[in-house]
Amino acid sequence: MTTTPLPDTAVVLGADVDDWRAAVRESGHALTRAKVTRPEYTERMIGVIEEFGAYVVIAPGLALAHARPGPDVLGEGLSVVTLATPVDFGHPHNDPVRVVIGLAVSNAEEHVASVARLANVFNDLGVIDRIASATTADEVRALLGVAPGSGA
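Caption draft 1: Seen up close, the overall build of the protein. Each helix and strand counted, the protein has 5 helices and 5 strands in total. For the protein, the N- to C-terminal ordering of α and β elements is β-α-α-β-β-β-β-α-α-α. Within the protein, buried positions represent 47% of all 152 residues. Of the contacts formed within the protein by residues at least 6 apart in sequence, a portion of 70% connects residues at least 24 apart. As presented, the protein carries roughly 6900 Å² of accessible surface, and 54% of it is formed by carbon and sulfur atoms.

Here it is, written out as structure tokens:
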């Protein structure tokens, strides 16, 4: 898919969360642990959903949490969070969500390119189920076609 690294610190498997905000926070904390965002980015991702709704739920069971580039983005990166129990984001067709992908980019061109690369991976909707049931970060990376990166 991409050369964007996905270190172990950016993968959370079987997260136990109460609602979509907690799911997005898990994703944001993983981006921060991977050193691609500052903690404020997490709250901006939540703010985007509060303002614009659940458009981030891009396929059945899959949310792509993100916010605009800003000073709290240190570089391009991904996080992957699978949920022990799916949660509703408020999407009329694609809830409940089992997998949250966090995306951080430092400029608009990266944003468009990253979303396009992710869309290609998720053309096969079976990938969502396979990620949701993954038991290792290596398994998630193989499904997404990404490298471990630093911190793995």
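Caption draft 2: Up close: the nonpolar core. Membership of the largest hydrophobic core comes to 28 residues, with the highest contact counts inside it found for Val24, Leu83, Phe89 and Val100. Of all the elements in the fold, those that place two or more residues in this core are strand 1 (11-15), helix 1 (20-33), helix 2 (40-52), strand 3 (62-66), strand 4 (77-87) and strand 5 (97-104). Beyond its immediate sequence surroundings of up to four residues, Leu83 is in contact with Gly14, Ala15, Val17, Ala23, Val97, Arg98 and Val100. Listed in part, the 24 residues of the second largest apolar core include Ala10, Ala59, Val127 and Val146.

Caption draft 3: Structural context of the side chain of His66. In this structure, His66 sits in strand 3. On the basis of relative accessibility, which here comes to 10%, the residue His66 falls in the buried class. Of the polar contacts made by the side chain of His66, one reaches the side chain of Tyr55; its length is 3.2 Å. A distance of 2.8 Å separates the side chain of His66 from the backbone oxygen of Leu64, its partner in a polar contact.

Caption draft 4: Unusual backbone geometry, seen in detail. The step from Asp95 to Pro96 runs through a cis peptide bond, and the omega angle for that step is -5 degrees. Looking at the element boundaries, Pro96 is found in the loop between strand 4 and strand 5. In this structure, Lys35 takes a positive phi of about 65 degrees despite not being glycine. Given the relative accessible area of 64%, Lys35 is considered exposed.

Caption draft 5: Highlighting the pattern of salt bridges. Per the counting criterion, the structure on display carries 7 salt bridges. Salt-bridge contacts for Arg141 lead to Asp8; the nearest nitrogen and oxygen are separated by 2.9 Å. One end of the pair, Arg141, is in helix 5 (residues 137-144); the other, Asp8, is in the segment before strand 1, with 133 residues separating them in the sequence. On the basis of relative accessible area, Arg141 is assigned to the buried category, the value being 5%. The network of salt bridges with shared partners includes Asp8, Asp138 and Arg141.

Caption draft 6: Structural view of the sheet that holds strand 3. One open sheet accounts for 5 strands, arranged 1-4-5-3-2; its pairing is mixed. For this open sheet the edge positions go to strand 1 and strand 2 (57-59), each flanked by a neighbour on one side alone. For this sheet, the mean inter-axis angle between neighbouring strands, taken without regard to orientation, is 20 degrees. Where strand 2 and strand 3 come together, 2 bridges link them in antiparallel fashion. Bridging across to strand 3, Ala59 finds its partner in Leu62. Each of strand 3 and strand 5 is contacted by helix 2, which is oriented at about 120 degrees to strand 3, the strand it contacts most.

What counts and how
Residues numbered from 1 in each chain as written. Predicted model: local features only at pLDDT ≥ 70, side-chain atom pairs only at ≥ 80, totals over all residues. Heavy atoms only, no water. Helix = DSSP H or I, 4+ residues; strand = E, 2+ residues; numbered from the N terminus. Buried < 20%, exposed > 50% of the residue type's maximum accessible area, 1.4 Å probe, protein only. Contact = heavy atoms within 4.5 Å. Areas by Shrake-Rupley, 256 points an atom, 1.4 Å probe, with all protein chains shown as cover. Core = buried A, V, L, I, M, F, W, Y, C linked by side-chain atoms within 4.5 Å. Polar contact = N/O pair within 3.5 Å; in protein donor to acceptor, adjacent residues only side chain to side chain. Salt bridge = Lys/Arg side-chain N within 4 Å of Asp/Glu carboxyl O. Pairing = 2+ DSSP bridges. Axes fitted to C-alpha atoms, helices over the stretch in contact; angles between N-to-C directions.

Geometry only, nothing functional implied.
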